[in-house]
Amino acid sequence: MLLVHSLALIYFCPPPPPFPPPPARLRIWSRSDKLAACGCLRVSFCSPELLKPCGIGRRYQIRWTKTAGSMSDRFQDSSVFNETLHIAKILRTQGGRYYCKAENGLGSPAIKSIRVDVYYLDEPVVTVHQSIGEAKEQFYYERTVFLRCVANSNPPVRYSWHRGREVLTQGSDKGVEIYEPFFTQQGETKILKLKNLRPQDYANYSCIASVRNVCGIPDRSVIFTLTNRTASPSIKLLVEDPIVVNPSQTVSLVCITTGGEPPPVLTWGSSNDSLPQRSVVNGGTLTLPAITSEEAGAYSCVASNNVGNPAKKSTTIVVRALKKGRFWITPDPYHNDDNIQIGREVKISCQVEATPPEELTFSWLKNGRALRSSERMVITQTDPDISPGTTNLDIIDLKFTDFGTYTCVAALKGGGIPEISIDVNISSTTVPPLFFSFLVPPNLTVPRGKSPLVAREGDTVELECLVSGKPKPIILWSRADKEAPMPDGSMQMESYDGVLRIVNVSREMTGSYRCQTSQYNGFNVKPREAVVELIVQYPPTVEPVFMEMRQGLGRPVVMTCRVLRAHPSRVLRFEWLLSNRLLHAGAFDAQRDETEYTVRNLNRDGLGEYTCNVINEAGAGKCTFLVTGKAYPPEFYYDTYNPVWQNKPRTYSFKLQWTQMNPNAVDRIVAYRLGFRQMGLERWWVQEIPVDGPINKGELMSHNLTDLIKPESYEVRLTPITRFGEGNSTIRIVRYSAPINPHLREFHCSFEDEPICMFTQDKNDDFDWTRHSAATRDTKYTPNTGPSVDRTGSKQGFYMYIETSRPRKEGDQARLVSPFFNVAPKNPYSISNPPAYCFGFFYHMYGKHIGTLNAFLKQKGQTSSEGPVWSLNGNQGDHWKQAKVSIHPTSSFQVVLEGIRGPGIEGDIAIDDVTLEEGECRDPPTNLSSKVLFRSSHIWLLCVTLVMTLLEGQR
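For the structure given in this document, a descriptive report is provided here. Only a predicted model underlies this, so the values are computations on that prediction, with no experimental measurement involved.

## Section: the overall build of the protein chain
Step number 1: Within the protein chain one finds 2 helices and 74 strands.
Step number 2: Put simply, the protein chain has 955 residues, and 46% of those count as buried.
Step number 3: In the protein chain, once contacts between residues fewer than 6 apart in sequence are set aside, the share between residues at least 24 apart is 71%.
Step number 4: Accessible area of the protein chain: about 49,200 Å², with a carbon and sulfur share of 50%.

## Comments concerning the nonpolar core
Step number 1: Phe 839, Phe 841 and Trp 870 are the most contacted members of the largest nonpolar core, which has 35 residues in total.
Step number 2: No other element matches strand β69 (residues 837–845), which puts 5 residues into this core.
Step number 3: Within the second largest apolar cluster, 27 residues are counted, among which are Tyr 119, Ile 178, Leu 197 and Cys 207.

## Focus: the state of the cysteines
Step number 1: Scanning the entire structure with this criterion turns up 7 disulfides.
Step number 2: In this model, Cys 465 is linked to Cys 515 through a disulfide, with the two sulfur atoms separated by 2.0 Å. What sets the handedness of the Cys 465 and Cys 515 disulfide is the S-S torsion sign, and at about -80 degrees it is left-handed. Note that Cys 465 is positioned in the loop between β40 (461–464) and β41 (466–470) and Cys 515 in strand β45 (residues 511–517), a separation of 50 residues in sequence. Here the two residues Cys 465 and Cys 515 agree in accessibility, since each one is buried.
Step number 3: Through a disulfide, Cys 838 is tied to Cys 921; the S-S separation comes to 2.1 Å.

## What to know about the sheet that holds strand β73 (residues 893–900)
Step number 1: Within the open sheet, the 5 strands sit side by side as β65-β68-β73-β70-β71. Their pairing is antiparallel. Of all the strands in the sheet, just β65 (760–761) and β71 (870–873) have a single pairing partner and so form its edges.
Step number 2: For strand β70 (residues 852–859) and β71, the ladder comprises 4 bridges, and the chain directions are antiparallel. Within β71, the residue paired with Thr 852 across the bridge is Asn 873.

## Let's talk about the pairing of strand β32 (residues 360–366)
Step number 1: Side chains of β32 alternate between two faces, with Leu 360, Phe 362, Trp 364 and Lys 366 buried and Thr 361, Ser 363 and Leu 365 left unburied.
Step number 2: As judged from the 7 bridges shared by β32 and strand β36 (residues 404–412), these two strands associate in the antiparallel manner. The partner of Leu 360 across the bridge, within β36, is Leu 412.
Step number 3: Note: β32 against strand β33 (residues 369–371), 3 bridges, orientation antiparallel. Across the sheet, Lys 366 pairs through a bridge with Arg 369, a residue of β33.
Step number 4: Hairpin connection from β32 to β33: 2 residues lie between these consecutive antiparallel strands, with Asn 367 at a positive phi of about 55 degrees.

## A few points about the sheet that holds strand β27 (residues 285–288)
Step number 1: Taken in spatial order, the 4 strands of this open sheet run β22-β24-β27-β26, and their pairing is antiparallel. In this open sheet, the two strands that pair with only one neighbour each are β22 (231–237) and β26 (280–282). Across the sheet, the mean angle separating the axes of adjacent strands is 20 degrees when strand polarity is ignored.
Step number 2: Across 3 bridges, the pairing between β26 and β27 is antiparallel. Looking at β27, one finds that Asn 282 is bridged to Thr 285.

## Let's talk about the packing of aromatic side chains
Step number 1: Enumeration according to the criterion identifies 15 aromatic pairs in this entry.
Step number 2: Considering the side-chain rings of Phe 821 and Phe 893, the 5.7 Å spacing of their centres and the 40 degrees angle between planes classify their relative orientation as tilted. Separated by 72 residues along the polypeptide, Phe 821 in the loop between β68 (813–817) and β69 and Phe 893 in strand β73 bring together distant segments of the chain.
Step number 3: We classify Phe 893 as buried; its relative accessible area is 0%.
Step number 4: The ring centre of Trp 685 lies 3.9 Å from the NZ or CZ of Arg 683, which sits over that ring.

## A few points about the pattern of salt bridges
Step number 1: Overall, the coordinates contain 29 salt bridges when judged by the stated rule.
Step number 2: Note that Arg 562 and Glu 594 form a salt bridge whose closest N and O atoms lie 3.4 Å from each other. Taken together, the residues Arg 562 in strand β49 (residues 557–567) and Glu 594 in strand β52 (residues 594–599) connect sequence positions 32 residues apart.
Step number 3: Note that Arg 791 and Asp 913 form a salt bridge whose closest N and O atoms lie 2.8 Å from each other. Of this pair, Arg 791 sits in the loop between β66 (770–773) and β67 (798–802) while Asp 913 sits in strand β74 (residues 909–918), and the two are 122 residues apart along the sequence.
Step number 4: Judged by its relative accessible area of 32%, Arg 791 is partly exposed.

## Some words on the environment of Thr 719
Step number 1: Relative to the elements of secondary structure, Thr 719 occurs in strand β61 (residues 714–722).
Step number 2: By relative accessible area, which is 5% here, Thr 719 ends up buried.
Step number 3: Residues Thr 719 and Ser 729, 10 residues apart in the sequence, show an inter-C-alpha distance of 4.4 Å.
Step number 4: Not counting the four nearest positions on each side in its chain, Thr 719 is found in contact with Ala 671, Tyr 672, Arg 673, Glu 726, Gly 727, Asn 728 and Ser 729.
Step number 5: Only 2.5 Å separates the side chain of Thr 719 from the side chain of Ser 729, close enough to count as a polar contact.

## Focus: the environment of Asp 481
Step number 1: Along the chain, Asp 481 turns up in the loop between β42 (475–479) and β43 (493–495).
Step number 2: Sequence spacing of Asp 481 and Glu 533 is 52 residues, and the spatial spacing of their C-alpha atoms is 9.7 Å.
Step number 3: Here Arg 479 takes part through its side chain, which lies 3.5 Å from a polar atom of the side chain of Asp 481.
Step number 4: Separated by 3.4 Å, the side chain of Asp 481 and the backbone nitrogen of Ser 512 make a polar contact.

## What to know about the side chain of Asn 854
Step number 1: Mapped onto the secondary structure, Asn 854 falls in strand β70.
Step number 2: Taking the relative accessible area as the measure of exposure, Asn 854 reaches 7% and is therefore buried.
Step number 3: Polar side-chain contacts of Asn 854 include one of 2.6 Å to the side chain of Ser 871.
Step number 4: Setting aside residues no more than four positions away along its own chain, Asn 854 makes contact with Pro 868, Trp 870, Ser 871, Val 896, Leu 897, Glu 898 and Ile 900.

Thresholds, definitions, all that
- Residues numbered from 1 in each chain as written.
- Predicted model: local features only at pLDDT ≥ 70, side-chain atom pairs only at ≥ 80, totals over all residues.
- Heavy atoms only, no water.
- Helix = DSSP H or I, 4+ residues; strand = E, 2+ residues; numbered from the N terminus.
- Buried < 20%, exposed > 50% of the residue type's maximum accessible area, 1.4 Å probe, protein only.
- Contact = heavy atoms within 4.5 Å.
- Areas by Shrake-Rupley, 256 points an atom, 1.4 Å probe, with all protein chains shown as cover.
- Core = buried A, V, L, I, M, F, W, Y, C linked by side-chain atoms within 4.5 Å.
- Disulfide = S-S within 2.5 Å.
- Pairing = 2+ DSSP bridges.
- Axes fitted to C-alpha atoms, helices over the stretch in contact; angles between N-to-C directions.
- Phe/Tyr/Trp six-rings, centres within 6.5 Å; stacked < 30°, edge-to-face > 60°.
- Lys NZ or Arg CZ within 6 Å of the ring centre and 35° of its normal.
- Salt bridge = Lys/Arg side-chain N within 4 Å of Asp/Glu carboxyl O.
- Polar contact = N/O pair within 3.5 Å; in protein donor to acceptor, adjacent residues only side chain to side chain.

Interpretation note: all reported values are geometric properties and have no functional meaning in isolation.
Pasting the structure below:
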């Protein structure tokens, strides 16, 4: 896995080489096909950014997609076809596999993928439950209780339980059981079972969730207090259900708790996903001022205290409303024509949307007078289940005396809502009397020259359909060529004059648009429709929109501007400019999709901003290239511990280390300008660091900052310098940290602090030592190995151990390396009399699969590896034991502790309280490996004898 500390992930495909186009090929340069965005999403991400280059042939198109190109997972149009995919402030939902597809029309497309993992850890949540059927008046009195801990995370979380300050493990208490983690919809869950509660079980329980410090994500914990009064919540709503109100009224919903310990927290929710913006929540009271019809719906009060299930009560708010009055006329059902004639039956239907529907009432008027149902004028109300809110007026045997204005009046019984009136005018002047008809069915046509309609992106266009008929119907507009929303986001748009007006038209709006008469158009007949074609022209879309090109003086620079898409697709011309000065212009080759400009020999006059304008009838697309001779910024090296210890009481030094990004991209770097200032002060101190020869990529450079004042921090700025001038700078903060026995007299490390006394993990081993407190036992895999306390017997104390569970295998090594210790004896020593130091530590080697624990002495300048100065293997019992061994270094040295994994998972080895003291070990413990001690002493005596013999020979 490639770990990325990043605020943004950037994948970059460089320009192709200048030779004829082969079939597309693609390569994502990476040590792994997996990336991990490290950092807690709720806190921050780290920096810097990451570049992922892709090498590829000429005249290609790149598209980035997610999950094998699903349309729903594609990125914004500006990112899909670019060589660089930029994900700023990545979210956990954006993790997954990303696909880079390249094609140039030759052969099959090239596809490569890379996976991005986003690491995070949410706050854990503890909920408490009781066995079904055991709940009595006192919810948790002498009953079995389950405490469930849940935390969302990536990678999977590891849980531990505490009761007060006591660590709870499987088998440590007969009244406690810890279930193995399992997955729920909320994440991985760890359950603590308390059987038949005892007095000591009423306590504070804490659940600690850990992802083992992955990417520096700290452990998170939550505390729950269990008492004999603990109970699930209960609530009561002090309102009716449903609540029927008029618009603009203020509605207050009151919710109170009637039980629960700890005291429940009340929250309000709505069936509309979220509460209205103007709503006010004060404790258990929800107030909706000046309520509207859109705010009607179900509102729920939820009480939760993480005990049992949350309590929920709901009520429905109904806001009275009348809207969308419509009418339609049904011709004689016994004749198959659209005309309504004298002597035939006519039905006038009126429909209104009413809330609540049971309060809706209708009345009919003719020429302003109330109309009652009769043998020729039959008034009916349709079944609400079939056609809600509908009333019908049937006119039997239509006569000239029936001409007039018919009015349908809709009202609500509760009052407070204006009535809706719909007038239908039937008269002899509606149509010529020759046809004995008075209504004309609708007709739709598209005016000549209005389809296809050509417009430019950003214009305002009007799509027009001519509509005729009496009465004139409403026109509904929709997309005819695909299932896509209209410009306002809806699937249909209404028009009363047959014109669809689109402001700021975009290229995505190109296509066919259908105009159709409304279903309620005055006739119960088949709707009419027509289609209008819209063509949107837009300037060329080009890439790169912006590219910085760094190059040394005297070298060639090739800039390529590529056309991705345009309409009309025939590109007319191009022009290259440098700072608004025309360099080259011409017609675009119809067989090519790119134009190129070359600076053969870059000089200072050739530096600056180049612009390529690619122009068609709709406008111009612009590629911008910033050509500069600036050197890239240096990159500080953070992997080693940087302070350089000085035996000075008031000052300290710091070893600054860095590498140079792309050192050969520009002219040779001749020096670095180093600036630093004390934090909080304005004055900068500046000096130059000369560079003798060319810098290789990845070469580590260093410089000692001296005479820094303790304990102040400093801001450091490093700038590369070429013959062009200054390049980009990099800034870091240097912080003082107190040394831990840099000149050895007495060294002691109990691993209580996170820096672990400047110990480091060996980068050439198979896995790492882990800092931990309390039990290392994993109840899922390793119940019979590892310590349950630190060396002092404290469950809160820390120690280091090797975790031998999967994926570790037999023989895997983990090495922990101490800081360098300077040999500084009081009196000069000879090779035959080097200073002595006593190296000691406590170890815990318990489990049937225990491997080997080794201790090594590593001296500065030493090239070959020597055997261990101490070694032990096998199960030593569930106890901490002490080891001591005398060492005799002749130069600055380090001590190395190596743990080797045994044949199985029950092989955790732990160490604690590492010490180093001047002088021989006085009382070495009896449990040391006598074989190793004998071998070390024997080798030492042989060396001393050999040296003495040589000295005698010289005399």
